[in-house]
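Coordinates in review
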Amino acid sequence: MPINYYLFLAIALFSIGVVGVLTRRNAIIIFMCIELMLNAVNLLLVAFSKMHYHQAAAAAIPVANPGIDGQLFVFFIMVVAAAEVSVGLAIIVMLYRNIHSVDINFLNRLKH
Amino acid sequence: MQSSFQLAFLIPLLPLIGFLINGLGRNWHSKQWSGLIGSGAVLGSFVISLLVFQSVEAGQDAVIAYFDFIHVEGLHIPFAFQLDALSSLFLLIITGIGLLIHIYSIAYMREESSSSFARYFSYLNLFVFSMLLLVLGSNYVVMFIGWEGVGLCSYLLIGFWFKNQEYTKAANKAFIMNRIGDLAFLLAIFWLVIKTGSASFSEVFDFILANEGTAKFTATDLTVVTLLLFIGATGKSAQLPLYTWLPDAMAGPTPVSALIHAATMVTAGIYMIARSHVIYSMAPFTMSLISWIGLATAFLAATIALQQFDIKKVLAYSTVSQLGFMFLALGSGAYIAAVFHVFTHAFFKALLFLGSGSVIHAMGGEQDIRKMGGLSGKLKITYLTFMIGCLAIAGLPPLSGFFSKDAILLNAFLHHPLQYGLALFTAFLTAFYMFRLLFLTFHGSFRGTAAQQAHLHESPALMTVPLILLALFSIVSGWIGIPSVLAHDADWLSNFLSPVVGSVVHEVSHSTEWILMALSVGGVLLTIGFAWYKFRNYSATESKGVFRFFEQKWYVDQLYDKVVVKPIAYLGKLFNEWVEPHLIDAFVNRTGKTVQLAGKQIRFLQSGKIGTYVLFMVLAMVTVLLIQFFIRK
């Protein structure tokens, strides 16, 4: 499958994430949009990793860790994202307990 | 090394310790303690100076280095003292007269509060310390430390009664005038260090002797350095055109005037030039300039002194005039005569100042001689000692002033007959104004108020004993330099000083010398007679014509005011009223306003809504990416 397909899909996912973050007011949905952006990047990493491996194989260039470099990053991102989700969800839970809402437009205390 | 030389470091150190004790503990000491500590410190220095002087007289001399003051690549300036005939003689003058004046001050200043009494003595001790440093230093840098130190102390003591606005102004004037000279002195030191690579007297002089006239040290260098040093001397020693601070310096307490502004500090310039005589002897242009400036100062100050009515002002102008005589001697190459006059002048001028202090004390602070008169009955000791001082300064044999002034006149005669004529005339003026002062103060009838007349009394012993001692020295101190025409082989001073400052041997016939002496003595006697005729019974009259000109001090102060002070004040006003608000303030204020204005606008971006922040973040990132994308291409 050509690399372009992966790229278009990743761009679409990332843009949905960005627009979601910018437009939605529900904190949980914003959270999910952030995850969407992260996963768009993950998809790109896997795709490019595969692509580089195939190109190297076609040109008969010896590669130390065939096709693993990019995928390794994906695992890092997943771990970090998992940690972030746990912290973020905890914050949202605390938020809900305090103001009985998860609407971020109520979170304008930074102004003062 | 002589054992007395090993103690030399104590000479300046003792007054410094005295300064610290009195200065730091001024709120706790009683007056007796302050006076004792102050005088004791100087007494210690005096005793050690005597020991040092004895060793030097026995033919010893030494340069003692204590530590490195400046040590960098290519320049080494040690903190070192030079003990030789010239410095040991000055040591004696400074510590000896300083001691007498400290003792005198205990009585003179006793009405001060104990805190300012201690402050006074701490300043005096600091002055003695600086002055000793000045004459002991074996290089120009150490000399300069002392030079600045005495300037500072002079400032502090002129403005001792700093609550009086006029006195502070006088102190400022003295300080600023001195700074002009100090700057020239500093430039001369830099010039010497650059050219010769050293600041030590011996090294500098050896270098210049070896390289004079070559590319290493051209004749121009020589003239510039000697001129700069001389400008430094005109500031400190109150010569034209920088002399106007000295008469105003009389705002200080009278013993200060005696010590600093008559006997010691103002002779620093003469000491410096005598010390640098090696280079001066090679610069004929500077030498003739010095002699003319000295003569002009002597004449100008003497004419002003004729018409002054403040007892201390007369003495101040007389000091300026006598300093002019000393510079005349320096300019004629007669360094020994100049130092001789410094020596004798220190005694009789200190005596005259202390005598005037005693008079002011008796008059309850009155300084105007028009309101005195007939004091000889009540103030016998003061009168007699003051008379001795007047006779000495007028130059009547066998008092000290005769010998030193005669030496100067003789050298002027050999150097330049016209200068001799003017100097002789100035010497007559000296006799005239001094005896005018004496007659106005002590003779005739009392012209003050009845309350003042009732208050008249002789000063206490603490004040009269220094007067008597100084009077004694005013008589005998000239006997160390009796010229050979009067007594064979009696010129001890020349023998003593000639190894250091070089001797000038003049071949003059004895008859010429006799004629010169007779001329000056006869003239002085006639002048005194004339003064007696004129001022025996004084009644105040308006001065007219040229005398009014003299009374107004040749309008020099007004001239300086118009030429220097006013333009500078105007410039200051310009900067204050135009440049500051319209340029500097405007720039600074506009900068601040711009930032404030920008902040006011940008503040609206901080809405507190997270969505907006994120939007801006995304927009910014997209912008950065776009810019990168297009610039890469």
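From a predicted model like this one, the values you see are computed outputs, not experimental measurements.

**A look at the overall build of chain A**
When helices and strands are counted, chain A shows three helices and zero strands. Along the chain direction, N to C, the helices and strands of chain A fall in the order α-α-α. Considering only C-alpha atoms, chain A reaches an extent of 60 × 25 × 25 Å along its principal axes. Per-residue burial for chain A yields a buried fraction of 12% across its 112 residues. Summarising the internal contacts of chain A: among those between residues at least 6 apart in sequence, 54% fall at separations of at least 24.

**Brief notes about the overall build of chain B**
The number of helices and strands found in chain B is 26 helices and two strands. Restricting the contact set of chain B to residue pairs at least 6 apart, pairs at least 24 apart contribute 81%.

**Description of the nonpolar core**
Of all hydrophobic cores here, the largest spans 201 residues; its most connected members are B:Ala338, B:Val339 and B:Ala350. Counting residues per element, this core draws most heavily on helix H16 (residues 335-362) of chain B, which supplies 17 residues. Per-domain counts for this core show at least three residues from each of domain 1 (1-138) and domain 2 (140-551) of chain B. Every residue in contact with B:Ala350, bar those within four places of it in the chain, is listed here: B:Ile97, B:Ile101, B:Ala258, B:Ala262, B:Ala263 and B:Leu470. Grouped together as the second largest cluster of nonpolar side chains are six residues, A:Val18, A:Ala27, A:Ile30 and A:Cys33 included.

**What to know about the domain arrangement of chain B**
Looking at chain B, the domain boundaries give domain 1 (1-138), domain 2 (140-551) and domain 3 (561-632). Taking only C-alpha atoms, the centre of domain 1 of chain B and the centre of domain 3 of chain B are 58 Å apart.

**Regarding helix H21 (residues 461-476) of chain B**
All names here are of chain B. Taking 1.5 Å per residue, 16 residues should reach 22 Å; H21 reaches 22 Å between its end C-alpha atoms and fits that length. Within H21, the full set of buried residues consists of Met463, Thr464, Pro466, Leu467, Leu470, Ala471, Phe473 and Ser474. In this structure, the buried residues of H21 make contact with helix H4 (85-108), H16, helix H17 (380-394) and helix H18 (400-415).

**Points about the packing of helix H2 (residues 10-24) of chain B against helix H5 (residues 114-136) of chain B**
Residues and elements named next belong to chain B. Packing of H2 against H5 brings their axes to within 8 Å, and their N-to-C directions diverge by 160°. Between H2 and H5, the angle is such that the two are roughly antiparallel. Note that H2 runs across H5; the crossing there is left-handed. Counted together, Ile11, Pro12, Pro15, Leu16, Gly18, Phe19, Asn22 and Gly23 of H2 and Ala118, Phe121, Ser122, Asn125, Leu126, Val128, Phe129, Leu132, Leu133 and Leu136 of H5 form the full contact between these two elements.

**Details of the pairing of strand S2 (residues 75-83) of chain B**
Regular strands have side chains that alternate between both faces of the sheet. Bridge analysis of strand S1 (residues 62-72) of chain B against S2(B) gives nine bridges, and the strand direction is antiparallel. Considered in S2(B), the bridge of B:Ala65 is made with B:Ala80.

**Quick notes on unusual backbone geometry**
Note on backbone geometry: most residues besides glycine have negative phi, and most peptide bonds are trans. Along the chain, B:Leu240 connects to B:Pro241 via a cis peptide bond; the corresponding omega equals 0°. As for its placement among the helices and strands, B:Pro241 is situated in the loop between helix H9 (219-236) and helix H10 (245-248). B:Pro397 connects to B:Pro398 through a cis peptide bond whose omega is 0°. Positionally, B:Pro398 belongs in the loop between H17 and H18. Its identity is not glycine, yet A:His100 carries a phi of approximately 55°, on the positive side.

**Let's talk about the interface of chain A and chain B**
If you look at the interface, chain A gives nine residues, while chain B gives nine residues. Its residues placed into classes, the side of chain A that touches chain B shows six nonpolar, two polar and one charged.

**Quick look at the packing of helix H3 (residues 31-57) of chain B against H4(B)**
Residues and elements named next belong to chain B. Between H3 and H4, the least distance of the axes is 8 Å, while the angle of their chain directions is 155°. With respect to H4, the element H3 is oriented roughly antiparallel. Considering only the axes of H3 and H4, their crossing is left-handed. Together, Gly35, Gly38, Ser39, Val42, Leu43, Ser45, Phe46, Ser49, Val52, Phe53 and Val56 of H3 and Ala85, Ser88, Leu91, Leu92, Thr95, Gly96, Gly98, Leu99, His102, Ile103 and Ile106 of H4 make up the contact between the two elements. Along the lines of polarity and charge, the residues of the contact of H3 with H4 split into twelve nonpolar, ten polar and no charged.

**Re the environment of B:Phe90**
Residue and element names in this part refer to chain B. Note on placement: Phe90 falls in helix H4. A residue is classified by how many C-beta atoms lie within 10 Å of it, and Phe90, with 27 of them, is buried. Sequence spacing of Phe90 and Leu525 is 435 residues, and the spatial spacing of their C-alpha atoms is 32 Å. Residues in contact with Phe90, not counting those within four places in the same chain, are Val135 and Tyr271.

**Here we look at the confidence of the model for chain B**
All names here are of chain B. Overall, the prediction assigns chain B a mean pLDDT of 87, with 97% of residues at 70 or greater. Taking the mean pLDDT of every element in chain B, the minimum, 74, falls on helix H24 (residues 545-551) and the maximum, 92, on helix H6 (residues 140-158). Among the prediction metrics, the complex's ipTM stands at 0.71, with pTM recorded as 0.77.

**Some points on the confidence of the model for chain A**
Here chain A shows a mean pLDDT of 86. Residues at 70 or above account for 91%. Of all the helices and strands in chain A, helix H2 (residues 27-58) of chain A carries the lowest mean pLDDT, 89, while helix H1 (residues 3-23) of chain A carries the highest, 91.

**Section: the environment of A:Val21**
Of note, A:Val21 is situated in helix H1. Its 22 C-beta neighbours within 10 Å are what place A:Val21 among the buried residues. Remark: the alpha-carbon pair of A:Val21 and A:Val102, spanning 81 residues in sequence, is separated by 14 Å. With near-sequence residues (within four places) excluded, A:Val21 lies in contact with A:Ile30, A:Cys33, A:Ile34 and B:Val614.

Parameters at a glance
Residues numbered from 1 in each chain as written. Chains lettered and ligands numbered in written order. Predicted model: local features only at pLDDT ≥ 70, side-chain atom pairs only at ≥ 80, totals over all residues. Helix = DSSP H or I, 4+ residues; strand = E, 2+ residues; numbered from the N terminus. Buried ≥ 20, exposed ≤ 12 C-beta atoms within 10 Å, placed from the backbone. Contact = placed C-beta atoms within 7 Å. Core = buried A, V, L, I, M, F, W, Y, C linked by C-beta atoms within 7 Å. Domains from an automatic or database assignment. Expected span 1.5 Å × (residues − 1). Axes fitted to C-alpha atoms, helices over the stretch in contact; angles between N-to-C directions. Parallel < 35°, antiparallel > 145°, perpendicular 65-115°, else oblique. Left-handed = near helix turned anticlockwise from the far one by under 90°. Pairing = 2+ DSSP bridges. Nonpolar A, V, L, I, M, F, W, Y, C, P; charged D, E, K, R; others polar. pLDDT = per-residue confidence, 0-100.

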